[in-house]
Amino acid sequence: MDQTATQEKIGAPSRPRPEQTSPLKNPVGPLIAPIKNTLIFACVLKGISSVAGVIPFIALAELGRVLLAEGPADEGRAWLVVGVAVGALVVRLVFLMASGGLTHLADADLQLNLRRRMAEHLSHVPLGWFTERNAGEVKKALQDDVTTLHHLVGHSYTDMVGAIITPIAAFGYLFWVDWRLALISALPLALGMFLMSFQYRGYEERMAEYNKALGEVNAAAVEFVQGIAVVKTFGQAQQAHGRFIDRTNDFVEYFWGWVSRRIGMSAAAETVLSPVFAMLVIAGACVAFVAFAGVAPVDVLPFIILGPGLAAPFMTLAYAQNDMMLAKEAAYRISALLNTPTLPDPTHIRTAKDAAVSYNGVSFSYDGETQVLSKINLTLEPGTVTALVGPSGSGKSTLARLLPRFWDPTLGTVSIGSVPITEISPSELYRKVGFVFQDVQLLRSSIAENIALGRPEATQDEIEAAAKAAQIHDRIVQLPRGYDSIAGEDALLSGGEAQRVSIARALLADTPILVLDEATAFSDPESEAAIQDALSTLIAGRTLLVIAHRLHTIVGADQICVLDKGEIVERGAHKDLLAHDGLYAKLWAASEAALDDRKGVSK
Ligand code: ADP
């Protein structure tokens, strides 16, 4: 267990993640497939609104041509042009609103659908998957990544359509007026796109490198902050600090290397794409065409009005491209979560007759390579206590966690009442098997709800009785709102107290089988005594599988199994095992010596 905890902290892989080794090509498409048609329709509406948005500018240019034409102005035509402009504005407004409304409806649908799918999927993922690290990933996918997709669905696609259709419509009109001037008006856009293409060359790889470099800085910062106590105690502060500084310097160097190479090109591209630059080019061309090509001054008016706007939407495309990339990364993480292997559902459900537990030929490996448990055969008679002992890393926690299906065995079966647990429905299984582990999870809800988790219909009296038996009632009534205090808000409990809440929870759930990690190593002596009292109430009359850390607490166990390197090397009662003079006897001698040392220290 100790090793596991350390592993999780330093982020070592906890289980092969096939979805990470073979990522989907572009996962955005499949994720947004359910709202694809709505999105396409919204894009069509946006396209129409974009064309309608260009019409008032065309009308302005036409109005100029009508009013500035030689001779008396054609009043009827002028009014018609004004009417068309106003009509187009109304159409633009209506279609824009409809398009925005649709994308946001689709987005709300998608967010709900994705969060539901993830929640549903996670409910079938093995309990053992939910380590601290994975919990962080779940939060990121459920919250941040789904929100990142919002920008894509709600805005980016339609923004892109607008950014493409608007200049095409304007260019089409200008081409119709004078194709030569139209081509010259498009020159800044073409040049800007050419320069920008350098900017985006290899962008995705660069972005991945950037994220990696940033991740290393973050990891070094976290290592520095989290380990500060240990590091200082062992006089390594300078070294850990140095590692953080090195990573930061590496990052600055990398970032500057990337930015400095592109900064000139980027500034040039943005200048060329700016309306001022376009105005300069177009005005110059117009003057030349009027002076030397016999073009009438009124005929260059459309180019002065519409030309500078041709390149402007391009930056929107650049931003949308960025959104696409962020969305792609978010979609990878969401898909990875949706592809996390689940526990197979029972094909035909059976009910366990009694609370006898048996492990038959059980082997287990976390990574498919290293065997953590080998061919375990173990029977727990109903109402008896079985203790698992052994050196750290020998597989005690793993063996115990197979019973509440944190994982399924790689080989062999675990059965309750002669029924393999894979054929018992999850709700039935958790009515039969309760567990109290070291890493107690309290939900962010009231203490009463936390205790009644396994039996939500329990009355307040029953909840309090369980809390009293678990030696935690007195502490709860001292909380600002007693049993209504919210864990993590106004109920800030110590590790030992949280453990007693979880014991109360297990007491109330009243399962016939209980898996218990007896470690109270982190508790203070008072808390330890309280936990031991609470435990003795809890275990009475149940089938108990206990992971024992201090051997004197389990001398009375019905059977003690000694694990070593994933195998049960000795089993029997305390006395017999001592007489056998094997690994257990050695562990016992060590534990007695430790106990004597502690007594010596406390004298
Ligand atoms: P014990 O409880 O006896 O200390 P564990 O069952 O925690 O032993 O661990 C047995 C072996 O399995 C150890 O080598 C440990 O590093 C490894 N292990 C435990 N949990 C995981 C996990 N989630 N992912 C990968 N390896 C693990």
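What comes next concerns the included structure. (Residues numbered from 1 in each chain as written. Predicted model: local features only at pLDDT ≥ 70, side-chain atom pairs only at ≥ 80, totals over all residues. Heavy atoms only, no water.)

Take the overall build of the protein next. In terms of helices and strands, the protein carries 22 helices and 10 strands. Every one of the 603 residues in the protein was classed for burial, and the buried ones make up 44%. Within the protein, contacts between residues separated by at least 24 positions form 78% of all contacts whose residues are at least 6 apart in sequence. Accessible surface, the protein as shown: approximately 30900 Å² in total, 62% of it carbon and sulfur. (Helix = DSSP H or I, 4+ residues; strand = E, 2+ residues; numbered from the N terminus. Buried < 20%, exposed > 50% of the residue type's maximum accessible area, 1.4 Å probe, protein only. Contact = heavy atoms within 4.5 Å. Areas by Shrake-Rupley, 256 points an atom, 1.4 Å probe, with all protein chains shown as cover.)

Right, let's get into the pattern of salt bridges. Any two side chains of opposite charge can pair if their charged atoms end up close together. Applying the stated criterion across every chain yields a total of 20 salt bridges. Arg180 is the partner of Asp178 in a salt bridge, and the nearest nitrogen-oxygen pair spans 3.0 Å. The exposure class of Asp178 is buried, given its relative accessible area of 10%. When its relative accessible area of 33% is taken as the criterion, Arg180 is described as partly exposed. The salt bridge involving Glu216 is made with Lys212; its shortest N-O contact spans 3.8 Å. With a gap of four residues between them, Glu216 and Lys212 both fall in helix 8 (residues 203-226), about one helical turn apart. Because the salt bridges share partners, they merge into one network encompassing Glu62, Arg65, Arg77 and Asp299. (Salt bridge = Lys/Arg side-chain N within 4 Å of Asp/Glu carboxyl O.)

Burial of strand 1 (residues 357-364) is extensive: six of the eight residues sit out of reach of the surface. With five bridges joining them, strand 1 and strand 2 (residues 373-380) adopt antiparallel strand pairing. Residue Phe364 lies in a different strand from strand 2, and its bridge partner there is Leu373. (Pairing = 2+ DSSP bridges.)

The strand order 2-1-4-5 describes an open sheet built from four strands, whose pairing is antiparallel. Each having just a single partner strand, strand 2 and strand 5 (419-420) make up the two edges of the open sheet.

Helix length check: helix 19 (residues 495-509), at 15 residues, gives a terminal C-alpha distance of 21 Å against a target of 21 Å (1.5 Å per residue), a fit within 8%. The element helix 19 is largely enclosed, with a buried count of 13 among its 15 residues. Looking one or two places after helix 19, you find Asp510, whose phi comes out positive at around 50 degrees. (Expected span 1.5 Å × (residues − 1).)

So, on to the nonpolar core. In this structure, Ile334, Tyr359, Ile376, Leu403 and Ile416 are the most contacted members of the largest nonpolar core, which totals 58 residues. Counting residues per element, this core draws most heavily on helix 6 (residues 132-177), at seven residues. Inspection of this core shows a minimum of three residues originating in each of domain 1 (18-178) and domain 2 (357-602). If sequence neighbours within four positions are ignored, Ile334 has contacts with Leu31, Leu114, Met118, Ala141, Asp145, Val146 and Leu149. (Core = buried A, V, L, I, M, F, W, Y, C linked by side-chain atoms within 4.5 Å. Domains from an automatic or database assignment.)

The N-to-C vectors of helix 7 (residues 179-200) and helix 13 (residues 314-338) enclose an angle of 20 degrees; their axes lie 11 Å apart at closest approach. Looking at the two axes, helix 7 sits roughly parallel to helix 13. In the packing of helix 7 onto helix 13, the handedness of the crossing is right-handed. Only Phe314, Met315, Ala318 and Gln321 of helix 13 make contact with helix 7, whose side of the interface consists of Leu189, Met193, Met196 and Tyr200. Of the residues belonging to the contact of helix 7 with helix 13, the class tally is seven nonpolar, one polar and no charged. (Axes fitted to C-alpha atoms, helices over the stretch in contact; angles between N-to-C directions. Parallel < 35°, antiparallel > 145°, perpendicular 65-115°, else oblique. Left-handed = near helix turned anticlockwise from the far one by under 90°. Nonpolar A, V, L, I, M, F, W, Y, C, P; charged D, E, K, R; others polar.)

This paragraph deals with empty space enclosed by the protein. Scanning the model with the defined rule gives one cavity of 30 Å³ or more in all. One number sums up the size of the largest cavity: a volume of about 30 Å³. If you go around the largest cavity, the residues you meet are Tyr203, Met207, Asn322, Met325, Leu326 and Glu329. Breaking the lining of the largest cavity down by element, the ones donating at least two residues are helix 8 and helix 13. Classifying every residue of the lining of the largest cavity gives four nonpolar, one polar and one charged. (1 Å grid on protein atoms, 1.4 Å probe; cavity = no way out; pocket = protein on both sides within 12 Å on 5 of 7 lines; lining within 4 Å. Points joined across faces, edges and corners; volume = space filled by probe spheres on them.)

If you trace the backbone, Thr158 turns up in helix 6. Given a relative accessible area of 6%, Thr158 falls into the buried group. Residues in contact with Thr158, not counting those within four places in the same chain, are Ala42, Cys43, Lys46, Ser99 and Thr103.

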